[in-house]
Number of protein chains: 2
Amino acid sequence: MNKTATASQVAVIGLGSMGGGMARALLAAGFRVKGFDVNPTNLEAFAAAGGTVAASAALAVQDTPILVSVVVNAHQTENVLFGAEGCLAAMPEESVVISSATMAPEAARDLARRVEATGRHYLDAPISGGATRAAEGALTILAAGSKRAFTMAGPAIDAMAAKVYELGDAAGTGAAFKMINQLLAGVHIAAACEAISFAARQGLDLARVFEVITGSAGNSWMFENRIPHVLEGDYAPRSAIEIFTKDLGIIADMGRSTQFPTPMAGAALQLFLMTAAAGMGKDDDASVARLFARIAGIDLPGQV
Amino acid sequence: MNKTATASQVAVIGLGSMGGGMARALLAAGFRVKGFDVNPTNLEAFAAAGGTVAASAALAVQDTPILVSVVVNAHQTENVLFGAEGCLAAMPEESVVISSATMAPEAARDLARRVEATGRHYLDAPISGGATRAAEGALTILAAGSKRAFTMAGPAIDAMAAKVYELGDAAGTGAAFKMINQLLAGVHIAAACEAISFAARQGLDLARVFEVITGSAGNSWMFENRIPHVLEGDYAPRSAIEIFTKDLGIIADMGRSTQFPTPMAGAALQLFLMTAAAGMGKDDDASVARLFARIAGIDLPGQV
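Residues numbered from 1 in each chain as written. Chains lettered and ligands numbered in written order. Predicted model: local features only at pLDDT ≥ 70, side-chain atom pairs only at ≥ 80, totals over all residues. Heavy atoms only, no water.

For chain A, an unreviewed UniProt entry supplies the name L-threonate dehydrogenase and the organism Arboricoccus pini. Per its UniProt entry, chain A bears the Sequence similarities (unreviewed entry) comment "Belongs to the HIBADH-related family. L-threonate dehydrogenase subfamily." (UniProt positions renumbered as here; feature names shortened; annotations may be inferred.)

Here it is, written out as structure tokens:
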């Protein structure tokens, strides 16, 4: 068996906005990529980009030493690996799982233990950067795992990421860093939407507010990135409300299980839940601004 | 009367960390500066920097066409101008008040009306940027007022600011923009302190958390600026907790009076109030992290 040739083959399970982009980045870097997704639309896009569609997750990983799992959460990742249609048992004995779904650190530790019990390797590798950077192979990856996991995953990681933080040998550390980022990201989106709606209520020129705030101490990465969606009234989902009901829900669970209060994340979670309850769960996460507009009867572009 | 010579004279009332710096920037730009403050320590520092100490606010403004008022809030500004020791009546008939305290837009509109009723001019000119940039003449000023107010204030504004946003002719608009900035700044400080303490509870390397977050979508201007105080355990006040109990209190008042909910600002206000209640009101605003550390029994540098 030619080790190099085999290592240039990767399976990607989950071909949505992030996984689909990561698969394309791997193709662009010269990997042979087999992919699987439960959504036929995602499979068609992947085939059109030059990928090899597999009929199941288990078939995607056959003779493939690297699996990139980019599903929604820990539960789906567990199903990908250990479910009835799960694929871990079909992977070569010497292989690595690159696990990129956002999940609680404890869930990542648990999955790593179970994968490593089969002799295979596990890289806890949550991602950050959005769909565009995924497709460009320019993600940020927050990675933790054994030396062997890093070595085996290395070429694929390099093809998918512009920046890799190596956060030590304990799976779960990547997940924990990602959750800290999500806590802040969620709070900042909610605050940006509250602030821009409050500015509208005050009768301010919102384009001018965007200009002033992005040049001032009140700025955040999320304010700068999301408020243009509000100003343009464009709520096509680049990242959906449901991502943050999920991720801030994980923060809430982590807070309860470690007895640590997170009042800011809690307030943000309630705003995302209200926005989902108002029927905008699958819309862009800047829709929190439309919730404020609807509640307070103010006029924003693209209001529902 | 030599108009140019007269215009190069400025009075500064309030010589604290911001006003003292602004007075030094005016001195550095060649203005003759008369100053007043109720705190003798501030007067001594001002005299040492080359300023002329006045025995009262009214004496500071005599024959001085430009007054810069940099006190704590609307109430103090009102006292400076209209109180028993107030100075507006002592100012030349053709003169301008540059009002830089943070206050509600309605308070700025009210002060402007009352100043303009005497024939004098009012520039609503809240500031942003911190003490260091104040002393360098490198503040951001959010200015609104009549054309005549802008013209008269212009040379002094230019000496104090690196960036001036001209926000129209209606006093109150500068104040409103400042409050939007303060809403975001307060929420971001509270969120940064919650996130870094939560990361400590999760056992993460906090220096690494700072590195990762400042390179990720969870970043904010405040996270980047304040978290080094937490990592170094240095809570000497660059800006105090009490500034945000005040400013987020104004947001709460504005929200009630215009019937607009601000749950994110409300959650942040409660955290600043808890931190003040725990005895840290005059400490650096990053002390919210020490509140979390104390509540949850985690170890942070400089903990009280």
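What follows picks up the thread again.
Right, let's talk about the interface of chain B and chain A for a bit. Residue-level contacts link 61 residues of chain B with 61 residues of chain A. The largest per-residue losses of area from chain B upon contact with chain A belong to Phe198, Phe260 and Met264 of chain B, which jointly make up 15% of the total buried on that side. On the surface where chain B and chain A come into contact, there are 0 salt bridges. For the pair chain B and chain A, the interface holds 16 residue pairs in polar contact (both at pLDDT 80 or more). If you list the elements that add at least two residues to the side of chain B that touches chain A, you get strand E9 (161-166), helix H9 (173-201), helix H10 (206-214), helix H11 (221-232), helix H12 (241-257), helix H13 (263-280) and helix H14 (288-296) of chain B. Broken down by element, the residue count for the side of chain B that touches chain A peaks at 19 residues, all from H9 of chain B. Its residues placed into classes, the side of chain B that touches chain A shows 39 nonpolar, 15 polar and 7 charged. (Contact = heavy atoms within 4.5 Å. Buried area = accessible area lost by both parts, 1.4 Å probe. Salt bridge = Lys/Arg side-chain N within 4 Å of Asp/Glu carboxyl O. Polar contact = N/O pair within 3.5 Å; in protein donor to acceptor, adjacent residues only side chain to side chain. Helix = DSSP H or I, 4+ residues; strand = E, 2+ residues; numbered from the N terminus. Nonpolar A, V, L, I, M, F, W, Y, C, P; charged D, E, K, R; others polar.)

Mapping between the two copies of the chain is achieved by a rotation about an axis and a shift along the axis. Mapping chain B onto chain A is achieved by rotating through 180° and translating by 0.0 Å along the same axis, at an RMSD of 0.0 Å. What the rotation and shift describe, once combined, is the action of a two-fold rotation axis. Residues of chain B ranked by C-alpha distance from the rotation axis are headed by Ser220 of chain B, positioned 1.9 Å from it. Here 100% of the contact residues of chain B are again contact residues in chain A; the copies associate through an equivalent surface. (Least-squares fit on C-alpha atoms with pLDDT ≥ 70 in both.)

Below, the discussion takes up helix H6 (residues 105-116) of chain A. Residue and element names in this part refer to chain A. Here H6 is 12 residues long and its end C-alpha atoms lie 16 Å apart, about the 16 Å a rise of 1.5 Å per residue gives. Among the residues making up H6, those that are buried are Pro105, Ala108, Leu111, Ala112 and Val115. Taken down its axis, H6 places every buried residue within 125° of arc, on the same side. (Expected span 1.5 Å × (residues − 1). Buried < 20%, exposed > 50% of the residue type's maximum accessible area, 1.4 Å probe, protein only. Arc of directions from axis to C-beta.)

Residue and element names in this part refer to chain A. Using the residue numbers shown here, the UniProt feature "active site" (unreviewed entry) corresponds to Lys178. Residue Lys178 is classed as buried on the basis of its relative accessible area, which comes to 7%. Sequence-distant contacts of Lys178, that is, excluding residues within four places in its chain, are made with Thr102, Pro126, Ile127 and Leu142. Within the structure, the side chain of Lys178 is placed 2.7 Å from the side chain of Thr102, a separation counted as a polar contact.

Residue and element names in this part refer to chain B. With 5 of 5 residues buried, strand E1 (residues 9-13) lies mostly within the body of the structure. Across the two faces of E1 the burial is the same, with Gln9, Ala11 and Ile13 and Val10 and Val12 all buried. With 5 bridges connecting them, E1 and strand E2 (residues 32-36) associate as parallel partners. Among the inter-strand pairings, Val12 is bridged to a residue of E2, identified as Gly35. Crossover handedness for the path E1 to helix H2 (residues 17-28) to E2: right-handed. Relative to strand E4 (residues 66-69), E1 is paired through 4 bridges, and the arrangement is parallel. By the bridge assignment for E4, Ala11 is matched with Leu67. (Pairing = 2+ DSSP bridges. Right-handed = clockwise from strand over helix to strand, strands pointing away.)

A few words on unusual backbone geometry. Residue and element names in this part refer to chain A. Phi is positive for Gln259, which is not a glycine, with a value near 50°. Tracing the backbone shows Gln259 in the loop between helix H12 (241-257) and helix H13 (263-280). Gln259 gets classed as exposed once you look at its relative accessible area, which sits at 67%.

Residues and elements named next belong to chain A. In the contact formed by H12 and H13, the axes pass within 9 Å of each other and the chain directions differ by 145°. The way H12 lies across H13 gives a crossing that is left-handed. Contact with H12, carried on its side by Ile241, Phe244, Thr245, Leu248, Gly249, Ile251 and Ala252, involves Ala265, Ala268, Leu269, Phe272, Leu273, Thr275, Ala276 and Met280 of H13 and no other residues of that element. Looking at side-chain class alone, the contact of H12 with H13 contains 12 nonpolar, 3 polar and no charged residues. (Axes fitted to C-alpha atoms, helices over the stretch in contact; angles between N-to-C directions. Left-handed = near helix turned anticlockwise from the far one by under 90°.)

Here chain A shows a mean pLDDT of 95. Residues at 70 or above account for 98%. Within the model, the stretch residues 1-5 of chain A combines pLDDT values under 50 with 2 contacts to residues more than four positions away or in other chains. (pLDDT = per-residue confidence, 0-100.)

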